[in-house]
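Okay, here's what each chain looks like letter by letter:
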Amino acid sequence: MNKWKFKILSLIVFIIVALIWWYYPVLISKYTGLVEQEKLGQWGDTYGGLNTIFTGLAMVGAFFALYTGNKERNSRQFEDHFFQQLNSIRDIIAGISLFKGTVKYRIYPSKNYPEKYKIYKINIPGDISGRIVFVTLRDNFILENIARHSNGNIGKYEDFYKEFLHRVLSHYFRAIYTTIKYVDSSDILNKEQKIFYIHMLRAQISSDELFFLFYSGLSRWGIEKFKPLIEKYSFFEHLQNEISSTDLIKYKKSAYGDNKEICNAYDEQQKNQRLLKNKQA
């Protein structure tokens, strides 16, 4: 209940109580006949019962005010903590950095032959920090439509993360997950309010960040807990259509919200997979 509704309701209750108090003797006299002079004392005594009722109403009002106050206080505490987490994410992004030089990491195309790895390089032309780090990393992580990896692009990402990326972005991923989980687990927010706060978080995230969050959710570190939250809150509604369609359908379609371009690619890939299964059958 917002403040204006509460004020209007309080005014209505006050008017009703005042009218009852004012007309109570008239009503009593009308229905009991207590109008004679010698019975005026009895008339006054009738207020005793009314006082009891008002005392009970006052207690109810006090409990209601206490409940409303606690609810508003909890809402303020939630908002304060939520915005602290947003600030923490901004600080984490600002603190991410890469230094001039060449970074090497290994990709293991086959789990059966781990000794046959490939060396990949990231050439960093100068010291960089903040969101430009995501741009640089994204430019150096090449997706393959026919992925040369036993687990496709997801396996390639997992190797990239294990070999190098965790040193740069692990605390960022944890902060994003923790913030979404904090909103989702709140017992003072309704469904619409949770969506509002998740979308507020989503608005702070760049397309290059979404790219890595996409594969983080499908990796073995995110598929159990992070992926369901992504699907629940349409977290990839603003994802750029640069992901392989075979990877898109590894999330539920709800993950993409009203993103028509990606949803069309999603439907097309599902259709192709059904046709392929029918041919194989």
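Preceding this paragraph is the structure being described.
It should be emphasised that the depicted structure is a prediction, and the values quoted were computed from it without experimental measurement.

Looking at the overall build of the protein
On a plain count of helices and strands, the protein comes out with 9 helices and 4 strands. Looking at the protein as a whole, 37% of its 281 residues are labelled buried.

Overview of the pattern of salt bridges
One pass over the full model with this rule turns up 9 salt bridges. Arg 131 serves as the salt-bridge partner of Glu 209, at 2.5 Å between the closest nitrogen and oxygen. Residue Glu 209 is located in helix H6 (residues 207-218), and its partner Arg 131 is located in the loop between strand S4 (128-129) and helix H3 (132-139); the two are separated by 78 residues in the primary sequence. A relative accessible area of 0% means that Glu 209 is categorised as buried. Put simply, Glu 231 and Lys 227 hold a salt bridge, and the shortest N to O gap is 2.7 Å. One end of the pair, Glu 231, and the other, Lys 227, are both in helix H7 (residues 226-232), 4 residues apart, so they sit about a helical turn from each other. A relative accessible area of 7% means that Glu 231 is categorised as buried.

Points about the environment of Leu 213
With respect to the helices and strands, the residue Leu 213 is situated in helix H6. Judged by relative accessible area, Leu 213 falls into the buried class, the value being 0%. Sequence spacing of Leu 213 and Phe 236 is 23 residues, and the spatial spacing of their C-alpha atoms is 9.1 Å. Aside from chain neighbours lying at most four places away, what touches Leu 213 is Tyr 172, Phe 173, Ile 176, Ile 205, Phe 226, Ile 230, Phe 235, Phe 236 and Tyr 251.

Quick word on helix H4 (residues 152-184)
The end-to-end C-alpha distance of H4 is 31 Å, clearly below the 48 Å that 33 residues give at a rise of 1.5 Å each. Maximum bend of H4: about 95°, positioned at Leu 165.

Focus: the side chain of Asp 159
With respect to the helices, strands and loops of the structure, Asp 159 is situated in helix H4. Leaving out residues up to four positions away in the same chain, Asp 159 has contacts with Arg 106, Ile 107, Tyr 108 and His 149.

Side note on the nonpolar core
In terms of nonpolar packing, the biggest core is built from 60 residues, with Leu 137, Tyr 172, Phe 235 and Tyr 256 touching the most fellow members. Excluding anything up to four places from it in sequence, Tyr 256 contacts Phe 214, Phe 236, Glu 237, Leu 239, Leu 248, Tyr 251, Ile 262, Cys 263 and Tyr 266.

A word on the packing of H3 against H4
The geometry of a pair of packed helices is captured by two quantities: the angle between their axes and the separation between those axes. It is the contact of H3 with H4, at a shortest axis distance of 12 Å, that shows an interaxial angle of 160°. By the criterion of interaxial angle, the relationship of H3 to H4 is roughly antiparallel. Crossing hand, H3 versus H4: left-handed. Note on element contacts: H4 touches H3 through Phe 160, Phe 164, Leu 165, Val 168, Leu 169 and Tyr 172, opposite Val 133, Phe 134 and Leu 137.

Cut-offs used in this document
- In this convention, every chain numbers its residues from 1, walking through the sequence in written order.
- pLDDT decides what is reported in this predicted model: residues at 70 or higher carry local features, side-chain atom pairs at 80 or more are listed and counted, and totals for whole chains, interfaces and linings draw on all residues regardless.
- Excluded from the side-chain calculations are hydrogens and water; all other atoms, namely the structure's heavy atoms, are used.
- Each helix is a run of H or I in the DSSP string that is no shorter than four residues. Each strand is a run of E no shorter than two, and both are numbered from the N terminus.
- Between buried and exposed lies partly exposed: a residue is buried under 20% and exposed over 50% of the maximum accessible area for its type, with that area taken using a 1.4 Å probe on protein chains only.
- Salt-bridge detection follows one rule: a side-chain nitrogen of Lys or Arg within 4 Å of a carboxyl oxygen of Asp or Glu.
- Throughout, a contact is declared for two residues whenever any of their heavy atoms are within 4.5 Å.
- An expected span of 1.5 Å times one less than the residue number is assigned to each helix.
- A residue's bend is simply the angle between two axes: one fitted to the seven residues ending at it, one to the seven starting at it.
- Nonpolar cores are built from buried Ala, Val, Leu, Ile, Met, Phe, Trp, Tyr and Cys residues. Side-chain atoms within 4.5 Å join them into one set.
- Axis definition: a line fit to C-alpha positions, over the contact stretch in the case of helices; interaxial angles, taken between N-to-C directions, run 0 to 180 degrees.
- Here the angle decides the label: under 35 degrees means roughly parallel, over 145 means roughly antiparallel, 65 to 115 means roughly perpendicular, and every other value means oblique.
- Crossings are sorted by hand: turned counterclockwise from the far helix by less than a right angle, the near helix makes the crossing left-handed, and turned clockwise it makes it right-handed.

The values are spatial; any link to function lies outside them.
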